[in-house]
Amino acid sequence: EAQVTQNPRYLITVTGKKLTVTCSQNMNHEYMSWYRQDPGLGLRQIYYSMNVEVTDKGDVPEGYKVSRKEKRNFPLILESPSPNQTSLYFCASRGPLRVNTEAFFGQGTRLTVV
Amino acid sequence: AQSVTQPDIHITVSEGASLELRCNYSYGATPYLFWYVQSPGQGLQLLLKYFSGDTLVQGIKGFEAEFKRSQSSFNLRKPSVHWSDAAEYFCAVGARSNDYKLSFGAGTTVTVRA
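None of the values given here were measured: they were computed from a predicted structure.

Caption draft 1: Examining the overall build of chain A more closely. Counting its regular elements, chain A contains zero helices and eleven strands. The order of α-helices and β-strands along chain A, N terminus first, is β-β-β-β-β-β-β-β-β-β-β. Taken against the 2.2 N^0.38 rule, which gives 13 Å for 114 residues, the C-alpha radius of gyration of chain A at 13 Å falls within 12% of a compact globule. If one aligns the C-alpha atoms of chain A with their principal axes, the spans along those axes are about 40 × 30 × 25 Å. Expressed as a percentage of the 114 residues in chain A, the buried residues total 51%. Expressed as a percentage of contacts within chain A between residues at least 6 apart in sequence, the contacts between residues at least 24 apart total 53%. A total of about 5400 Å² of accessible surface is found on chain A, and carbon and sulfur atoms cover 50% of it.

Caption draft 2: Seen up close, the nonpolar core. Grouped together as the largest cluster of nonpolar side chains are 26 residues, with contacts concentrated most on W35(B), L48(B), L76(B) and Y89(B). Of the residues forming this core, the biggest block, four residues, is contributed by strand β10 (residues 87-95) of chain B. Not counting chain neighbours up to four residues away, the residues in contact with L48(B) comprise L33(B), F34(B), W35(B), V57(B), Q58(B), G59(B), F63(B), E64(B), A65(B), F74(B) and L76(B). Formed by 19 residues, the second largest nonpolar core is a distinct cluster that contains C23(A), Y64(A), C91(A) and V113(A).

Caption draft 3: Representation of the interface of chain B and chain A in the model. Between chain B and chain A, the contact holds 22 residues from the first and 25 residues from the second. Around 2000 Å² of area is buried between chain B and chain A when both sides are counted, 51% of it from carbon and sulfur atoms. Contact with chain A buries surface across chain B, with D99(B), Y100(B) and F104(B) losing the most and accounting together for 30% of the total. The greatest single-element share of the side of chain B that touches chain A, amounting to five residues, is contributed by strand β11 (residues 98-104) of chain B. Of the residues contributing to the side of chain B that touches chain A, the split by class is twelve nonpolar, six polar and four charged.

Caption draft 4: Structural detail: the environment of L43(A). Structurally, L43(A) can be placed in strand β5 (residues 42-51). When its relative accessible area of 4% is taken as the criterion, L43(A) is described as buried. Between the C-alpha atom of L43(A) and that of L88(A), which follows or precedes it by 45 residues, the distance is 9.3 Å. Residues in contact with L43(A), not counting those within four places in the same chain, are Y35(A), R36(A), Q37(A), F90(A), F105(A), L44(B), F90(B), F104(B) and G105(B).

Caption draft 5: Up close: the sheet that holds strand β8 (residues 76-78) of chain A. All names here are of chain A. The four strands lie next to each other as β1-β3-β8-β7, forming an open sheet whose pairing is antiparallel. At either margin of the open sheet sits one strand with a lone partner, and together these are β1 (4-7) and β7 (65-66). Taken together, the three bridges between strand β3 (residues 19-25) and β8 define a ladder with antiparallel strand orientation. When the sheet's bridge partners are listed, T20 is paired in β8 with I77.

The rules behind these values
Residues numbered from 1 in each chain as written. Chains lettered and ligands numbered in written order. Predicted model: local features only at pLDDT ≥ 70, side-chain atom pairs only at ≥ 80, totals over all residues. Heavy atoms only, no water. Helix = DSSP H or I, 4+ residues; strand = E, 2+ residues; numbered from the N terminus. Rg over C-alpha atoms; globule rule 2.2 N^0.38 Å. Buried < 20%, exposed > 50% of the residue type's maximum accessible area, 1.4 Å probe, protein only. Contact = heavy atoms within 4.5 Å. Areas by Shrake-Rupley, 256 points an atom, 1.4 Å probe, with all protein chains shown as cover. Core = buried A, V, L, I, M, F, W, Y, C linked by side-chain atoms within 4.5 Å. Buried area = accessible area lost by both parts, 1.4 Å probe. Nonpolar A, V, L, I, M, F, W, Y, C, P; charged D, E, K, R; others polar. Pairing = 2+ DSSP bridges.

Structural data, given as structure tokens:
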């Protein structure tokens, strides 16, 4: 079954304590992205990756890091989380849009930073 | 850069009534267009997509959408809603010149009353 798996689903942490949210896909997709969802703002892209070792900033990259060492994995790293990073995070993977593909999303990670 | 506007933040509809959700995009050429649905506590699921060809697109769960180039719109419709259609709906646009980026609207929350 085609899927994108995020872990953990829920996380409460304290300000400044480094954390990593993992994302893995089993569809051999080139593209992977991280989004955050906030009320009234929809989904905003944090970082994306077009392939292994190729990553770039999205619309709201401040305070986040990513890496793409393997095609299937795309972890999101918060080196020093702050309360304004409390949000619902989604990982997505897909092929290129031009080949009539769709984005597959993980179940989401609800992060609370206190 | 492309952008998406969903003018309605929240819509309430009676079960069995018709539903139309509006989506307007900004992009200089014909975009790739998508509608996703997010049920409470879930990730995003693709309802339908437009890449080219017939401007009336059929999707899952009885939804359809129509691409109108002259109005830069891609409105989603369903003739008769079911209680299970209560969810948040997101319109998204992808650019043909910029394959990596998928931009989302702020979302429309649909409440279904009995």
